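Topology and contacts: notes
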Amino acid sequence: MPNVVIVGSQWGDEGKGKIVDFLSRKADIVARYQGGHNAGHTVVINDDKYILHLIPSGILYKNKICVIGNGVVVDPLSLIKEINGLRERGIKLGKNLFLSKNAHLIMPYHVAIDKERERLRGKKMIGTTGRGIGPAYVDKMARTGIRVADLLQPLVFKEKLKANLFDINFLLKNLYKVPCFNVEDIFSEYMAYAEKLSEYIADTDILINKMISKNKNVLLEGAQGTLLDIDHGTYPYVTSSSPVAGGACTGLGIGPTKITNVLGIVKAYTTRVGSGPFPTEITGSLGNKLREKGGEYGATTGRPRRCGWLDMVILRHSARINGFTGIAITKLDILDDIDVIKICTSYTYKGKLYKEFPKEINIFEECKPVYQEIKGWNSSTIGIRDFNMLPRAAKAYIKKIEKLLGVEVQLISTGQRRDQLIQIKKQF
Ligand code: GDP
Ligand code: IMO
Ligand code: MG
């Protein structure tokens with residue numbers, strides 16, 4: 001019966017994949033609602049590591065229906081490679097995977113435009129994943145996008161492609177001064193993808209609403225995080241979709257009245273990949289220590305993640321925008337040997353105190369964090385599965401977060417593996 005949205009509460013990579021995998025055991029259907037293969041969701045089962053990019057993290061369990069919703073932008077080759085990669089590792093894929101007809105396709109020219117726009121931004125680059133995500137969403141909003149359903153209608157596909165290349169080749173040639181694309185080349189490439197993907201293409205809005213009306217357990221998997229949201233993030237240093245809980249409704253075709261729980265995923269500290277403001281960033285040796293211990297390297301691009309202290313200002317914003325009914329705290333174990341742990345509770349800028357994050361990006365960039373300090377616990381929490389077994393100072397850290405946020409902590413992750421987790425409240 002519960003319909004649970006999983007949302008990143010920071011700048012992505014909070015450990016959503018691990019939590020989605022854990023909750024999938026009791027779910028009937030797991031659905032991605034936005035983003036694309038810019039996402040990298042890691043699941044570790046015993047000694048096996050899987051990184052999911054487009055396919056929901058529920059796929060590793062047998063007999064779960066997995067949906068790639070209309071709000072996702074799909075690079076067909078990336079999806080085919082992911083399907084093949086999972087099959088090679090013995091994961092069954094077939095009647096359990098559904099791809100929305102209304103999802104938009106990432107085209108080769110989106111990747112070219114993404115790269116050229118970043119190049120021209122120079123020092124002001126966003127640090128995108130270079131996967132064509134932004135330009136694909138631009139075309140969607142400009143109503144020139146090509147959708148998954150078009151793969152099944154070659155003539156319609158070709159007409160749209162021709163019309164798009166008319167503009168885009170002009171841009172590539174005259175502004176960016178890079179090679180143009182050829183209609184026939186892309187057409188034959190994408191028709192070959194269509195053959196491989198046709199068995200998965202479906203009216204996923206109908207499917208998911210049927211599951212909801214049958215009182216099934218529904219898990220909705222957000223990618224990225226609230227501070228990367230196109231509306232509610234640190235614009236323009238964001239992605240081009242809506243990772244927030246509201247995005248689950250538009251990105252799948254579910255009425256807001258059907259969502260019962262919103263679980264915010266909170267890393268016990270903060271990370272960010274790419275450019276943009278990050279008031280609690282730790283530079284120097286402590287930052288490096290967190291990066292190495294936490295394995296903070298991008299699951300998609302391998303880029304080092306910037307690391308910093310927990311920031312309650314952005315978390316309060318996240319809780320408000322998403323309406324969290326609970327949070328899961330991940331990577332607690334990474335703080336095991338830190339003597340003094342800091343929590344940012346507000347910012348200052350030019351002598352003024354900011355309890356909420358300023359929407360003016362230039363002010364946010366200059367904000368200085370105001371910290372509370374907490375004693376570290378200096379002992380291992382790895383693999384602990386009972387809250388009472390945590391060191392006293394670790395319990396105090398969790399309780400402090402709960403109090404400062406005003407949202408119940410329902411899960412605590414204490415390691416990479418599926419079973420390294422404390423469940424305080426059940427979602428299903
Ligand atoms: P996602 O994008 O939100 O799914 O997160 P990523 O998979 O990009 O990054 C999270 C990383 O932290 C992955 O390598 C996970 O295996 C790992 N991870 C998740 N939870 C924990 C935890 O509680 N402890 C430790 N040590 N690692 C964790
Ligand atoms: P998951 O789902 C962390 C960041 C990029 C860049 C910005 C825009 O694994 O948490 P894009 O290619 O989307 O146009 O890049 O967003 N970004 C992520 N950062 N985790 C992600 O996904 C991200 N997906 C995009 O680094 O700063
Ligand atoms: Mg990730």
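These figures come from a predicted structure and were not determined experimentally. (Residues numbered from 1 in each chain as written. Chains lettered and ligands numbered in written order. Predicted model: local features only at pLDDT ≥ 70, side-chain atom pairs only at ≥ 80, totals over all residues. Heavy atoms only, no water.)

1. Section: the coordination of the magnesium ion (ligand 3)
At this site the magnesium ion (ligand 3) is bound by D13 (OD) and G40 (O), with donor distances of 2.1 to 2.2 Å. Within this pair, whereas D13 is found in the loop between β1 (3-8) and α1 (16-24), its partner G40 is found in the loop between β2 (29-32) and β3 (41-45), the two being separated by 27 residues in sequence. (Donors = N, O, S within 2.8 Å, 3.2 Å for Na, K, Ca; no water. Helix = DSSP H or I, 4+ residues; strand = E, 2+ residues; numbered from the N terminus.)

2. Overview of the packing of helix α3 (residues 108-121) against helix α4 (residues 133-141)
Across the interface, α3 lies against α4 with an axial gap of 7 Å and an inter-helix angle of 115°. As α3 packs across α4, the resulting crossing turns out to be right-handed. Contacts between α3 and α4 pair Y109, H110, I113, D114 and R117 from the former with I133, P135, A136, V138 and D139 from the latter. (Axes fitted to C-alpha atoms, helices over the stretch in contact; angles between N-to-C directions. Left-handed = near helix turned anticlockwise from the far one by under 90°. Contact = heavy atoms within 4.5 Å.)

3. A look at the site of ligand 1
Taken together, the neighbourhood of ligand 1 is formed by 18 residues, with K16, G17, T42, D333 and S413 sitting nearest. The separation between an oxygen atom of ligand 1 and a polar side-chain atom of R305 is 3.0 Å. D333 places a polar side-chain atom, nitrogen or oxygen, 2.8 Å from a nitrogen atom of ligand 1. Computed on the free molecule, ligand 1 has an accessible area of 580 Å², of which 94% lies beneath the protein chains in the complex. Counting residues per element, the ones that place at least two in the shell around ligand 1 are α1 and β3. Element by element, the count of residues in the shell around ligand 1 is highest for α1, at three residues. A breakdown of the residues in the shell around ligand 1 according to their chemical character gives two nonpolar, nine polar and seven charged. (Near = heavy atom within 4 Å. Polar contact = N/O pair within 3.5 Å; in protein donor to acceptor, adjacent residues only side chain to side chain. Areas by Shrake-Rupley, 256 points an atom, 1.4 Å probe, with all protein chains shown as cover. Nonpolar A, V, L, I, M, F, W, Y, C, P; charged D, E, K, R; others polar.)

4. Side note on the site of ligand 2
In the vicinity of ligand 2 lie 20 residues, with K16, H41, T129, Q224 and T239 positioned nearest. At a separation of 2.7 Å, an oxygen atom of ligand 2 approaches a polar side-chain atom of H41. Tallied by class, the residues present in the shell around ligand 2 amount to seven nonpolar, 10 polar and three charged. Shared between two domains, the shell around ligand 2 holds at least three residues of each, these being domain 1 (3-95 + 203-423) and domain 2 (104-200). (Domains from an automatic or database assignment.)

5. So, the packing of aromatic side chains
Summed over the entire model, instances satisfying the criterion amount to nine aromatic pairs. When the ring of W11 is compared with that of F278, the centres are 5.4 Å apart and the planes differ by 50°; the resulting orientation is tilted. Remark: F278 occurs in the loop between β12 (270-272) and α9 (285-293) and W11 occurs in the loop between β1 and α1; sequence separation between them is 267 residues. An angle of 45° between the planes, with centres 5.6 Å apart, marks the rings of Y347 and F364 as tilted. Linking Y347 in strand β16 (residues 340-349) with F364 in helix α11 (residues 361-366), this pair joins segments that are 17 residues apart in sequence. For Y347, a relative accessible area of 0% gives the class buried. Look at F364 and you get buried, because its relative accessible area is 1%. Above the plane of the ring of Y61 lies K64, whose end atom (NZ or CZ) is 5.8 Å from the centre. (Phe/Tyr/Trp six-rings, centres within 6.5 Å; stacked < 30°, edge-to-face > 60°. Buried < 20%, exposed > 50% of the residue type's maximum accessible area, 1.4 Å probe, protein only. Lys NZ or Arg CZ within 6 Å of the ring centre and 35° of its normal.)

6. Digging into the domain arrangement of the protein
The domains assigned to the protein are domain 1 (3-95 + 203-423) and domain 2 (104-200). One C-alpha centre belongs to domain 1, the other to domain 2; they are set 29 Å apart. Taken together, the contact pairs 29 residues of domain 1 with 21 residues of domain 2. Both faces considered, domain 1 and domain 2 share a buried interface measuring about 2100 Å² in area, 62% of it formed by carbon and sulfur atoms. For the domain 1 face of the interface with domain 2, the top three residues by lost area are V73, P76 and I80, together amounting to 25%. Scanning the region where domain 1 abuts domain 2 turns up nine residue pairs in polar contact (both at pLDDT 80 or more). For the side of domain 1 that touches domain 2, the secondary structure elements donating two or more residues are β6 (73-74) and α2 (76-88). (Buried area = accessible area lost by both parts, 1.4 Å probe.)

7. Concerning the pattern of salt bridges
Under the defined criterion, the tally for this structure stands at 18 salt bridges. Ionic pairing is found between R305 and E296, a salt bridge with its closest N-O pair at 2.7 Å. Summarising the burial analysis for this pair, R305 and E296 share the class buried. The residue E408 makes a salt bridge to K425 at a minimum N-O spacing of 3.8 Å. Taken together, the positions of E408 in the loop between α12 (392-405) and β19 (409-413) and K425 in the segment after β20 (421-423) put the pair 17 residues apart, joining distant regions of the chain. Taking relative accessible area as the criterion, E408 reaches 36% and is therefore assigned partly exposed. (Salt bridge = Lys/Arg side-chain N within 4 Å of Asp/Glu carboxyl O.)

8. Here's the deal with the nonpolar core
In this structure, V5, L220, I327, L335 and Y397 are the most contacted members of the largest nonpolar core, which totals 53 residues. Sorting elements by how many residues they give to this core places α12 first, with five residues. For Y397, the contacting residues outside a window of four places in its chain are A268, L310, L332, L335, I341, I343, I374 and W377. Listed in part, the 45 residues of the second largest apolar core include Y109, I113, I168 and L172. (Core = buried A, V, L, I, M, F, W, Y, C linked by side-chain atoms within 4.5 Å.)

9. Examining the packing of helix α10 (residues 312-322) against α12
To describe two helices that pack against each other, one gives the angle between their axes and the distance between the axes. In the contact formed by α10 and α12, the axes pass within 10 Å of each other and the chain directions differ by 55°. When the axis of α10 is compared with that of α12, the two are oblique. In this structure, α10 meets α12 at a crossing whose hand is right-handed. On the side of α10, the interface is formed by M312, L315, R316 and A319, while α12 contributes I401, L404 and L405. Its residues placed into classes, the contact of α10 with α12 shows six nonpolar, no polar and one charged. (Parallel < 35°, antiparallel > 145°, perpendicular 65-115°, else oblique.)

10. Focus on the sheet that holds strand β11 (residues 261-267)
With respect to topology, 10 strands assemble into an open sheet ordered β9-β7-β5-β2-β10-β1-β11-β15-β19-β20, the strand pairing being mixed. Lying at the two open borders of the sheet, with one neighbouring strand each, are β9 (201-202) and β20. Of the strand pairs in this sheet, β1 and strand β10 (residues 218-221) are connected by four bridges, and their pairing is parallel. When the bridges of β10 are listed, N3 appears paired with V218. (Pairing = 2+ DSSP bridges.)

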